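# A look at the structure
Here are the chains, one letter per residue:
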Amino acid sequence: QSIFILAQGPDTAPAGIARATMPPGPLPHMDLLDRHLCAPELEPLREQTATVNAVAVLKKFRGKIIAFQGDNFTVGQVMVAILLGYLEKVGMRVVLLSSDPKTGARFFTRLGFYALDKPFQYGPSPMPLINLGLLLHDRDRFTVLASPLQWTCLAPPRLDDSERIALRYFRRLHASHAGPCLF
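Residues numbered from 1 in each chain as written. Predicted model: local features only at pLDDT ≥ 70, side-chain atom pairs only at ≥ 80, totals over all residues. Heavy atoms only, no water.

### Topic: the sheet that holds strand β7 (residues 114-115)
Quick note on the threshold: The criterion for strand pairing is that DSSP finds at least two bridges linking the strands in question. Counting from the N terminus, the helices are DSSP H or I runs at least four residues long and the strands are E runs at least two residues long. By the convention used here, residues are in contact when the closest approach between their heavy atoms is within 4.5 Å. To get an axis, a line is fitted to the C-alpha atoms, and for a helix only the part in contact is used. The angle between two axes follows their N-to-C directions and goes from 0 to 180 degrees.
Read across the sheet, six strands follow the order β1-β2-β3-β6-β8-β7 without closing on themselves; strand pairing throughout is mixed. For this open sheet the edge positions go to β1 (2-8) and β7, each flanked by a neighbour on one side alone. Strand direction decides the pairing type here: strand β2 (residues 14-21) and strand β3 (residues 49-57), joined by six bridges, are antiparallel. Each bridged residue has a counterpart across the sheet, and for G16 the counterpart in β3 is V57. Of the strands in this sheet, β3, β6 (94-99) and β8 (130-135) are in contact with helix α1 (residues 30-37), which crosses β6 at around 135 degrees.

### Observations regarding the pattern of salt bridges
As a working rule, side chains carrying opposite charge can pair if their charged atoms are close by. Threshold: Take a side-chain nitrogen of Lys or Arg and a carboxyl oxygen of Asp or Glu: if they are within 4 Å of each other, that pair is a salt bridge.
Per the counting criterion, the structure on display carries six salt bridges. Here R171 makes a salt bridge to D138, at a shortest N to O gap of 4.0 Å. Residue R171 is found in helix α6 (residues 161-177), and its partner D138 is found in the loop between β8 and α4 (139-144); the two are separated by 33 residues along the sequence. The partner of R164 in a salt bridge is D161, and the shortest N-O contact between them spans 2.2 Å. Placement of the pair is R164 and D161 together in helix α6, with a separation of three residues, close to one helical turn. Connected via shared salt-bridge partners are R93, D160 and E163.

### Examining the layout of surface pockets
The line we're drawing: Here a cavity is any set of points on a 1 Å grid over the protein atoms alone where a 1.4 Å probe fits but cannot get out, and a pocket is any open set with protein on both sides within 12 Å along at least 5 of 7 lines; a residue lines the site when it has an atom within 4 Å of a point. Grid points are joined across faces, edges and corners, and a volume is the space filled by probe spheres set on the points. Residues were grouped as follows: Ala, Val, Leu, Ile, Met, Phe, Trp, Tyr, Cys and Pro as nonpolar; Asp, Glu, Lys and Arg as charged; and all remaining residues, including Gly, as polar.
The calculated volume of the largest pocket comes to roughly 730 Å³. Lining the largest pocket are 30 residues, and of these V55, S99, G104, F107 and F108 lie nearest its centre. For the lining of the largest pocket, the secondary structure elements donating two or more residues are α1, β3, α2 (75-89), β6 and α3 (103-111). Ranked by residues supplied to the lining of the largest pocket, first place goes to β3 with seven residues. Looking at the lining of the largest pocket, its residues break down into 15 nonpolar, eleven polar and four charged.

So yeah, pure geometry; function would need other evidence.
See the structure below:
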């Protein structure tokens, strides 16, 4: 069960696409993310965990700044913010993804994702990957980072116990794996 966000340029030509997959059913790239999906800290939220499987912006729109909610963000940031806002509205609370450890990880950590592993090599992939995680109700982090997610992911007044445990898990892993040389 996937959700697609399609962006179009001012001339209505395609500008980009973002895709996320939600339960029920298998999530793409389970073998990359299984360690985290099966972690005791995330187990209570497993059925409310989605994966982002694709974010692509056509070359002429990459890095292009657009106005969104009274601020300026890139086309890609806005696409992901809208996608994640929709996931939050349909009951998802955690998002996982695998990305390249340089440009992709930098892009996603600026939105509010946490690095969950050190970069690793994956079978046929010619480039290393890194796993990232996000709690959709982590409004404090979104505000500190000035992320567009602060407007699309509407946090409840307080995180529940399972969300607080997941947040500690993300922060602990991020502190041990993220460093200035990575991002």
